[in-house]
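# Structural overview for review
This is what each chain is made of:
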Amino acid sequence: MAYTDIAADVQGAKTPVEHLDVLIIGAGLSGIGAAYHLQDNFPDRTFAILESRESMGGTWDLFRYPGIRSDSDMYTLGYRFKPWKNDQSIADGSSILDYLEETATEHGIDRNIRFRHHVIRAEWSTPDSQWTVEAERGDTGEIVRFTADFLMSCSGYYRYDEGYTPEFPGIDRFEGRVVHPQHWPDDLDYAGKRVVIIGSGATAVTLAPAMATDAAHVTMLQRSPTYIISMPGADKVAGLLQRFLPARLAYSLTRLKNTAVSAAVYQLSQRYPKFMRGRIRQLQKGLLPEGYDIDTHFNPRYNPWDQRLCLVPDGDLFRTIRDGDVSIATDHIDTFTNTGIALKSGEELDADIVVTATGLNLLAFGGMTLAVDGRDIDLTETMAYKGMMLSGVPNFAFIVGYTNASWTLKADLVCEYVCRLLAHMDERGYTTCVPERDPSVEEAPLLDFAAGYVLRSAGSFPKQGSKRPWQMPMNYFRDLVMLRHGKLVDQAMVFGGSRPRPKVTAGR
């Protein structure tokens, strides 16, 4: 552990500042994976993870609502380096959290996590070739500083302290309880209660069947439908492969199979949307009651995969609709009443509890300010390089997963690329790497995705470009070639600085 001496408190006493080779922000799925890759390739490098919350796990520790589960199969949402061994391919939140904690413990990563450290500012110094990172401690309120040669943001892209809730007319007069899934209260008892869930996305379709087990009745109120498809909770092919092949090989083949199937479904949806719309409708018809009004409640205005498809394991949502425990209302809210919600159609939904599964608020890099040589960076003026670095920002990488596939597929590739980049810098004696923007490249939104939570915040994020290497393809196989096997040196990437080359190059 190395320290530098740059900070002074109000009495003038110097406070030692810890120096790390690499500083990782966020101890969720991405951050733990990044730490593993770094440690595996560079066992002599120092690193730490700064986590703003009291525990690791990110999304899977934050969300505690009933039924919380993965919206991708765990053979691709799990790490490439650590096989998923649970029988359930679509896993519940607690199992995923156990998997993350087990990974961190097995590899000693947990010992390098600094909890309750909320990063508020990171400034790059060109003369020093290093970052100075300021974090506020949640337990004491003090500001602590670190320096690092390389910085990785693994904090995802949404706000952890605040979910999105629209302004609903008359909500103050409602005498029941209103809950947002991002802040699920431990004391909420919905047994025997009438529940209305506002929303039609992954959270709503997870909550409805989970709450229906104990609630008197659950109504899912949606302005417009979402594509919802059933998927087996357990992967039969994975089970078969595990019977006859070594565990790691079986896992790798299952991961490849599921990635290929996911990519194929996405490409078919993009190229033949009418066919895919019809196929999804046909599958849903077989799962819903005879004569069910599919055209009202399961017929989205957009084409498949213009927004993310919602997965329901073993058709649980459709089963609860068949059983009469869950109903869907497709309408607009006129106003809340004392006892429920009045709709534009004139219908009123009685409710004891209303759950606003209305989405997320996005936040780039956990809200921290990035600065280079004293100048704060306007993220909207930067462009993403290979979907993982920013123009004009040295020695910095970030992880944003796929919107059309498992997050971890992209996270693993970014981590592998960063390790390749660090090894290249070691071999050549460089201290800095920075992508320099090509002014001729046209801009596009970083997340080219039609979901409401993306559209609300797209203007505050970096841009992507119209051609490589500035594009951010939502395509695992293209990224596989570019990030795992592609060239590190191109016209956009500028290397600089110099230091003595190590006697032994780190990395395996």
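Residues numbered from 1 in each chain as written. Predicted model: local features only at pLDDT ≥ 70, side-chain atom pairs only at ≥ 80, totals over all residues. Heavy atoms only, no water.

Taken residue by residue, a regular strand's side chains alternate between the two faces of the sheet. Counting buried residues along strand β11 (residues 217–222), five of its six residues qualify, which places the element largely inside the surrounding structure. Sheet analysis places strand β10 (residues 194–198) next to β11, joined by five bridges and oriented parallel. By the bridge assignment, Val196 is partnered in β11 with Thr219. As for the winding sense of the linkage, the β-α-β connection from β10 through helix α5 (residues 202–212) to β11 is right-handed. Where β11 lies against strand β14 (residues 326–330), five bridges are found, and the strand directions are parallel. Paired with Thr219 across the strands is Ser327, a residue of β14. (Buried < 20%, exposed > 50% of the residue type's maximum accessible area, 1.4 Å probe, protein only. Helix = DSSP H or I, 4+ residues; strand = E, 2+ residues; numbered from the N terminus. Pairing = 2+ DSSP bridges. Right-handed = clockwise from strand over helix to strand, strands pointing away.)

What follows concerns the sheet that holds strand β17 (residues 348–350). Taking strand neighbours across the sheet as the criterion, the three strands line up as β15-β16-β17 in an open arrangement whose pairing is antiparallel. Each edge of the open sheet carries a strand with a single partner, namely β15 (333–336) and β17. Each strand of the sheet is rotated relative to its neighbour by a mean of 20°, with strand direction disregarded. Alignment of β15 against strand β16 (residues 340–343), held across three bridges, turns out to be antiparallel. Paired with Phe336 across the bridge in β16 is Ile341. (Axes fitted to C-alpha atoms, helices over the stretch in contact; angles between N-to-C directions.)

Before going further, it helps to spend a moment on empty space enclosed by the protein. Throughout the structure, instances matching the rule amount to two cavities of 30 Å³ or more. By volume, the largest cavity is sized at about 60 Å³. Ser153, Gly156, Tyr157, Ala364, Phe365, Phe398, Ile399, Val400, Leu446, Phe461 and Pro462 together form the lining of the largest cavity. Here the lining of the largest cavity is composed, by residue class, of nine nonpolar, two polar and no charged. (1 Å grid on protein atoms, 1.4 Å probe; cavity = no way out; pocket = protein on both sides within 12 Å on 5 of 7 lines; lining within 4 Å. Points joined across faces, edges and corners; volume = space filled by probe spheres on them. Nonpolar A, V, L, I, M, F, W, Y, C, P; charged D, E, K, R; others polar.)

Another aspect to go through is the nonpolar core. Among the nonpolar cores identified, the biggest contains 134 residues, and Leu151, Met152, Ile197, Leu370 and Phe396 are the most heavily contacted of them. When residues of this core are assigned to their parent elements, the largest contribution, 13 residues, is made by helix α11 (residues 407–428). Dropping the residues within four chain positions of it, Ile197 is found in contact with Ala204, Leu207, Ala208, Met211, Val218, Thr219, Met220, Leu221, Val355 and Ala357. Counting residues in each nonpolar core, the second largest holds 13 residues, with Phe174, Val196, Ile198 and Val354 among its members. (Core = buried A, V, L, I, M, F, W, Y, C linked by side-chain atoms within 4.5 Å. Contact = heavy atoms within 4.5 Å.)

Attention now goes to the confidence of the model for the protein chain. Confidence in the prediction of the protein chain, expressed as mean pLDDT, is 91, and 93% of residues score 70 or more. For the stretch residues 3–13, pLDDT sits under 50, and the model shows 22 contacts to residues farther than four places along the chain or on other chains. Segment residues 503–508: pLDDT under 50, and eleven contacts once partners within four positions in sequence are set aside and those in other chains are kept. (pLDDT = per-residue confidence, 0-100.)

Turning our attention to a nonpolar patch on the surface. The grouping of Leu268, Tyr272 and Phe275 at the surface amounts to a nonpolar patch, some 330 Å² of accessible area in total. Following the sequence through the fold, Tyr272 ends up in the loop between α7 (247–271) and α8 (273–285). (Patch = residues over 30% accessible without salt bridge, like charges linked within 9 Å, V, L, I, M, F, W, Y side chains within 5 Å. Areas by Shrake-Rupley, 256 points an atom, 1.4 Å probe, with all protein chains shown as cover. Salt bridge = Lys/Arg side-chain N within 4 Å of Asp/Glu carboxyl O.)

A word on the packing of aromatic side chains. Enumeration over the complete set of coordinates arrives at 21 aromatic pairs. Plain terms: the ring middles of Tyr157 and Trp407 are 5.5 Å apart, the flat faces sit at 65° to each other, and that makes the pair edge-to-face. Placement of the pair is Tyr157 in the loop between β7 (143–153) and β8 (158–163) and Trp407 in helix α11, with a sequence separation of 250 residues. Between Tyr266 and Trp305 the ring centres are 5.8 Å apart and the planes differ by 70°, which places this aromatic pair in the edge-to-face class. Remark: Trp305 occurs in the loop between α9 (294–297) and β13 (310–313) and Tyr266 occurs in helix α7; sequence separation between them is 39 residues. Tyr266 sits in the buried class, given a relative accessible area of 18%. A cation over a ring is seen here: Arg45 above Phe42, with NZ or CZ 4.5 Å from the ring centre. (Phe/Tyr/Trp six-rings, centres within 6.5 Å; stacked < 30°, edge-to-face > 60°. Lys NZ or Arg CZ within 6 Å of the ring centre and 35° of its normal.)

Tallying each qualifying case throughout the model produces 25 salt bridges. Ionic pairing is found between Arg53 and Asp61, a salt bridge with its closest N-O pair at 2.4 Å. When its relative accessible area of 22% is taken as the criterion, Arg53 is described as partly exposed. The residue Asp412 makes a salt bridge to Arg255 at a minimum N-O spacing of 3.2 Å. On the criterion of sequence distance, the pair formed by Asp412 in helix α11 and Arg255 in helix α7 is long-range, its members being 157 residues apart. Since its relative accessible area comes to 2%, Asp412 is described here as buried.

So, on to the sheet that holds strand β18 (residues 353–356). Ordered by their spatial adjacency, five strands build an open sheet running β9-β18-β10-β11-β14, and the pairing between neighbours is parallel. Each end of this open sheet is capped by a strand with a single partner; those strands are β9 (177–179) and β14. Along the sheet, successive strands turn relative to each other by an average axial angle of 20°, direction set aside. With four bridges joining them, β10 and β18 adopt parallel strand pairing. If you follow Val195 over to β18, its bridge partner there is Ile353.

The next point concerns helix α1 (residues 29–41). The terminal C-alpha atoms of α1 lie 19 Å apart, and with 13 residues this matches the ideal 18 Å at 1.5 Å per residue to within 8%. Among the 13 residues of α1, eleven are classified as buried, and the element is accordingly described as predominantly covered. By the burial criterion, the buried members of α1 are Leu29, Ser30, Gly31, Ile32, Gly33, Ala34, Ala35, Tyr36, His37, Leu38 and Asn41. (Expected span 1.5 Å × (residues − 1).)

Turning our eyes to something else, we now look at unusual backbone geometry. The residue after Arg468, namely Pro469, is reached through a cis peptide bond having omega 0°. Secondary-structure assignment places Pro469 in the loop between β27 (463–465) and α13 (476–485). Phi angles above zero are rare outside glycine, and Asp314 is one such case at about 55°. By secondary structure assignment, the location of Asp314 is in the loop between β13 and α10 (316–322). Note on Asp314: relative accessible area 51%, which makes it exposed. Positive phi, normally seen in glycine, also occurs at Phe365, with a value near 55°.

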